[in-house]
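This is what each chain is made of:
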Amino acid sequence: MVTMNLEGLEMIAVLVVVVLFVKVLEQFGLLEAGYDDSVEDELELSAVRHRPEGLEQLEAQTRFSRKELQILYRGFKNECPSGVVNEETFKDIYSQFFPQGDASTYAHFLFNAFDTDHNGSVSFEDFVMGLSILLRGTVQEKLNWAFNLYDINKDGYITKEEMLDIMKAIYDMMGKCTYPVLKEETPRQHVEVFFQKMDKNKDGVVTIDEFIDCCQNDENIMRSMHLFENVL
Amino acid sequence: MATGVAAWLPFARAAAIGWMPVANCPMPVAPRDNSKRQDELIILNVSGRRFQTWRTTLDRYPDTLLGSSEKDFFYNEETKEYFFDRDPDAFRSILNFYRTGKLHYPRHECISAYDEELTFFGIIPEIIGDCCYEEYKDRKRENLERLQDDQEENKDMKMPNMNFRETMWRAFENPHTSTMALVFYYVTGFFIAISVITNVVETVPCGSTANQKDMPCGERYTVAFFCMDTACVMIFTVEYLMRLFAAPSRYRFMRSVMSIIDVVAILPYYIGLVMTNNEDVSGAFVTLRVFRVFRIFKFSRHSQGLRILGYTLKSCASELGFLLFSLTMAIIIFATVMFYAEKGSSSSKFTSIPASFWYTIVTMTTLGYGDMVPKTIAGKIFGSICSLSGVLVIALPVPVIVSNFSRIYHQNQRADKRRAQKKARLARIRIAKSGSANAFLQSKRNGLLNELLELTGTEEDEQKLTKSTSLLESQHHHLLHCLEKTTAHEFVDEQMYEQNCLETALQTYPSRSPSISSHDSSVGTCCGRRVKRNTPLPNASTPSAHPIPTHQGPLQELSAIHIQCGDPPSHSTSRSNLNLKTDDSGRINCKGGRITTAIISLPTPPALTPDGDGLHGPPQRRPPPPPGHPAVPSIQTTTSSAGTNIVKVSAL
């Protein structure tokens with residue numbers, strides 16, 4: 001009977017040999033590695049594809065003509081072949097229009113405004129509905145949409161913090177090189193001005209009615225609402 | 001702004017409504033889109049293959065041909081499409097660029113053809129997408145290298161006016177330029193070989209004579225070997241000094257690798273001369289002899305392969321460094337492990353970790369001398385792991401080095417191939433050029449013949465002669481003829497030109513000829529003088545058969561010369577008239593300029609230069625004049641006296 005007096009180093013050597021042996025067996029498939037879920041991970045489902053509703057339905061739901069919808073869809077699908085825009089792509093695309101500043105924050109708010117069903121992606125329907133309101137909607141609808149944009153948590157009230165966030169995001173798009181130089185408190189001051197104008201009852205929040213009322217009495221705002229009507 | 005997302009601009013503008021309630025100032029007026037065109041399909045007909053796309057697709061990139069109004073130049077009214085006479089396959093990728101915003105480089109496409117297409121359609125290659133950019137750049141670099149090789153070869157041509165020093169340097173660098181250089185090259189190579197062989201044989205034991213033990217040959221035939229060594233070193237020294245003298249930049253030459261090798265190769269001898277008798281430093285003396293082996297590196301001047309190897313090793317320095325580093329790491333690890341594993345066993349050779357280094361290196365490189373062998377089980381296990389890992393570690397960087405070597409070697413081979421093909425290429429170019437020149441001269445001949453026939457009035461012959469040249473050719477020839485008329489010189493061919501040169505050399509003396517000719521009629525004046533300077537035409541006959549037999553001999557020359565005397569001297573635009581005598585009145589019959597020797601090939605400038613230019617460029621063949629023209633008063637030329645049949649030729 002051989003007594004195996006294994007000293008420290010020899011034990012380590014034997015361990016190493018055993019480990020190597022196990023690895024070799026794995027190669028031969030005799031030992032299952034036990035990483036079953038890795039196989040399924042490989043089969044990652046390809047990106048979600050989305051097909052929009054038919055042309056007639058969209059025609060009915062929006063104020064665009066057939067041809068306009070066709071042009072819109074072609075442009076949309078060209079940029080996003082999968083049919084949906086996720087937030088990253090949205091931010092990318094929007095940032096390209098504002099090369100000097102950082103448009104990602106504002107794009108985030110914009111994304112939330114377009115993503116009406118809040119599923120994390122903007123499909124063609126969301127896109128076209130939003131555009132329909134902005135380009136062909138009544139002033140009331142447009143103002144509604146703007147309020148929705150400002151109201152980040154969608155609770156029906158615009159607080160000063162929300163407005164400050166929006167304002168900062170807008171000023172971020174300007175970037176650094178502006179004239180006059182952007183100061184730290186400029187957004188805050190702008191928010192103050194805004195609240196002074198809009199918050200009639202001085203309760204610190206702006207409701208939808210206050211907002212619409214105030215905007216309808218402001219000539220500048222009224223005129224600018226019609227500014228982009230000939231975009232498409 | 002990337003025009004790829006131009007489709008989203010309407011959206012961004014619409015979303016700007018979100019800023020309106022916040023804004024305090026009125027907004028600027030929006031630009032009106034007056035061209036309210038409906039989006040329409042455009043047909044692009046590229047060599048018959050029709051591509052169709054929306055107009056707005058093309059409008060995305062307004063600074064390209066298709067996106068701007070430049071494409072209106074290609075609009076075909078009848079078929080209502082844009083026609084481009086380009087390669088339809090390459091056009092595919094260009095149109096896809098408009099559609100997807102990404103420009104791809106198709107791998108099967110030739111790089112220069114693709115570049116041309118891009119340039120034509122106004123697209124800059126830098127916007128090729130990341131997926132294809134690397135390939136594109138690689139191919140472009142290869143192409144540039146190929147073109148560069150061509151230009152570098154031209155530098156080898158002998159420059160005129162090289163002084164002695166430069167000639168010597170050139171002889172050293174390129175042995176095939178002159179026989180002396182070649183001889184020198186072989187002689188030095190021979191002596192290098194001799195020197196190396198001497199060093200080797202020196203240590204071989206020769207047969208023992210009366211002594212007990214075998215002596216190396218070096219100690220037996222000391223004098224012979226010393227003489228040999230001296231001779232070699234002298235040759236090397238002379239060579240080094242000559243190179244030093246001839247080098248354009250001595251400082252740089254002294255710093256170059258080859259020169260250092262030269263110095264190291266010959267120094268030991270001199271040092272040995274100085275201290276032969278000093279016993280103390282005999283050890284150092286022996287060491288110095290080792291450096292004599294560096295003479296073998298002098299062979300790298302003679303062998304391109306060696307140079308490539310050296311260059312490869314230099315360029316693979318990082319891979320070699322990595323190999324060394326990883327080997328060192330592994331050696332230290334395994335040496336430590338082996339030492340501790342074998343510590344327990346008795347009479348173990350592994351006395352210390354550095355001692356185990358030797359075992360590790362020998363094992364990792366799979367040498368296995370067997371002078372150190374592990375005895376314990378742990379030692380054996382770790383030893384086998386060590387040898388396995390050694391194989392892996394060494395094998396990893398080797399393919400990188402090999403591929404580097406292969407790339408450099410192929411580059412060199414390609415350069416050699418191009419050099420070999422260069423002759424054929426140049427010959428081809430020359431043939432093409434001379435073909436075009438001959439065509440012109442042939443047509444001039446035909447033109448002359450036509451005139452002749454007009455004068456004689458034979459219609460049928462005329463029609464026979466009228467070779468049907470294409471419109472392009474005839475326009476080209478007309479252009480060349482206009483040039484001739486402008487410069488008052490004519491194109492001739494190489495043979496005539498060379499004979500002209502020869503005869504100019506022969507006729508440097510008869511300076512009386514101008515005066516002789518000046519006594520003649522005005523015709524003689526202009527021609528005689530010109531004859532003197534421009535060398536009369538030789539009696540060359542046309543290489544190609546032509547329908548009308550010509551007069552050989554001096555008559556031809558005379559008539560030929562007379563043809564040249566065309567334009568009146570008031571042709572002051574031509575500098576060639578500068579040395580014209582002004583007393584050429586009554587030169588009624590003189591038309592045309594002098595004999596020039598300009599090349600018809602278009603890149604070279606025409607010989608609008610004074611007389612001395614008769615020596616420029618290969619001359620072109622002049623058409624021999626047809627005979628039978630009415631004679632004109634004879635002129636006296638230096639070459640012949642019988643100036644009878646002088647041809648009067650009206651303007652071609």
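Residues numbered from 1 in each chain as written. Chains lettered and ligands numbered in written order. Predicted model: local features only at pLDDT ≥ 70, side-chain atom pairs only at ≥ 80, totals over all residues. Heavy atoms only, no water.

Chain B has the name Potassium voltage-gated channel subfamily D member 3 in an unreviewed UniProt entry, where Lates calcarifer is given as its organism. As its UniProt record puts it under Catalytic activity (unreviewed entry), chain B is described as follows: "K(+)(in) = K(+)(out)". (UniProt positions renumbered as here; feature names shortened; annotations may be inferred.)

For chain A, an unreviewed UniProt entry supplies the name Kv channel-interacting protein 4 and the organism Lates calcarifer. What UniProt states about chain A under its Sequence similarities (unreviewed entry) heading is, verbatim, "Belongs to the recoverin family."

Draft legend 1. Layout of the confidence of the model for chain B. Residues and elements named next belong to chain B. Residue-level pLDDT values for chain B average 74, and 69% of them are 70 or greater. pLDDT under 50 marks residues 511-652. Its contacts with residues more than four places away, or in other chains, come to 317 contacts. Among the prediction metrics, the complex's ipTM stands at 0.77, with pTM recorded as 0.53. (pLDDT = per-residue confidence, 0-100. Contact = heavy atoms within 4.5 Å.)

Draft legend 2. Region of the structure containing the pairing of strand β2 (residues 49-54) of chain B. Residues and elements named next belong to chain B. In the sheet, strand β1 (residues 41-46) pairs with β2 via six bridges, with the strands oriented antiparallel. Bridge assignment links Ile 42 to a residue of β2, and that residue is Thr 53. Here β1 hands over to β2 after two residues, with Ser 47 in that stretch at a positive phi of 50 degrees. (Pairing = 2+ DSSP bridges. Helix = DSSP H or I, 4+ residues; strand = E, 2+ residues; numbered from the N terminus.)

Draft legend 3. Structural detail: the UniProt feature "domain: EF-hand" (unreviewed entry) in chain A. Following the UniProt record, one finds the feature "domain: EF-hand" (unreviewed entry) at residues 102-137, 138-173 and 186-221 of chain A. Taken as a whole, residues 186-221 of chain A contains 72% helix and 8% strand, while its terminal C-alpha atoms sit 21 Å from one another.

Draft legend 4. The interface of chain B and chain A, seen in detail. Counting from both sides, the interface comprises 44 residues of chain B and, opposite them, 53 residues of chain A. For chain B, the biggest contributors to the area lost against chain A are Trp 8, Phe 11 and Ile 17 of chain B; these three give 19% of the whole. Connecting chain B to chain A are zero salt bridges. For the pair chain B and chain A, the number of links is three residue pairs in polar contact (both at pLDDT 80 or more). Taken together, the elements giving at least two residues each to the side of chain B that touches chain A come down to α1 (9-15), α14 (317-342) and α16 (377-395) of chain B. Here the side of chain B that touches chain A gets seven residues from one element, more than from any other, and that element is α1 of chain B. Partitioned by chemical class, the residues of the side of chain B that touches chain A number 33 nonpolar, five polar and six charged. (Buried area = accessible area lost by both parts, 1.4 Å probe. Salt bridge = Lys/Arg side-chain N within 4 Å of Asp/Glu carboxyl O. Polar contact = N/O pair within 3.5 Å; in protein donor to acceptor, adjacent residues only side chain to side chain. Nonpolar A, V, L, I, M, F, W, Y, C, P; charged D, E, K, R; others polar.)

Draft legend 5. View of the sheet that holds strand β3 (residues 75-76) of chain B. All names here are of chain B. Strands sit in the order β2-β1-β4-β3 across an open sheet of four strands; the sheet is mixed. Two strands in the sheet have a free side with no partner beyond their single neighbour: β2 and β3. The strands that helix α3 (residues 88-100) touches are β1 and β2; relative to β2, the one it contacts most, it runs at about 5 degrees. (Axes fitted to C-alpha atoms, helices over the stretch in contact; angles between N-to-C directions.)

Draft legend 6. Representation of the pattern of salt bridges. Under the counting rule described, the total for this entry stands at 23 salt bridges over all chains. Between Glu 192 of chain A and Lys 160 of chain A there is a salt bridge whose closest N-O contact spans 3.7 Å. In this pair, Glu 192 of chain A sits in helix α10 (residues 186-198) while Lys 160 of chain A sits in helix α9 (residues 160-174), placing the two residues 32 residues apart along the sequence. The class for Glu 192 of chain A is partly exposed, based on a relative accessible area of 36%. Arg 301 of chain B is the partner of Asp 262 of chain B in a salt bridge, and the nearest nitrogen-oxygen pair spans 3.3 Å. Here Asp 262 of chain B is found in helix α11 (residues 257-274), whereas its partner Arg 301 of chain B is found in the loop between α12 (282-291) and α13 (304-315), with 39 residues between them in sequence. Residue Asp 262 of chain B is classed as buried on the basis of its relative accessible area, which comes to 2%. Look at the salt bridges and you will find they share partners, linking Glu 239, Arg 243, Asp 262, Lys 298 and Arg 301 of chain B into a network. (Buried < 20%, exposed > 50% of the residue type's maximum accessible area, 1.4 Å probe, protein only.)

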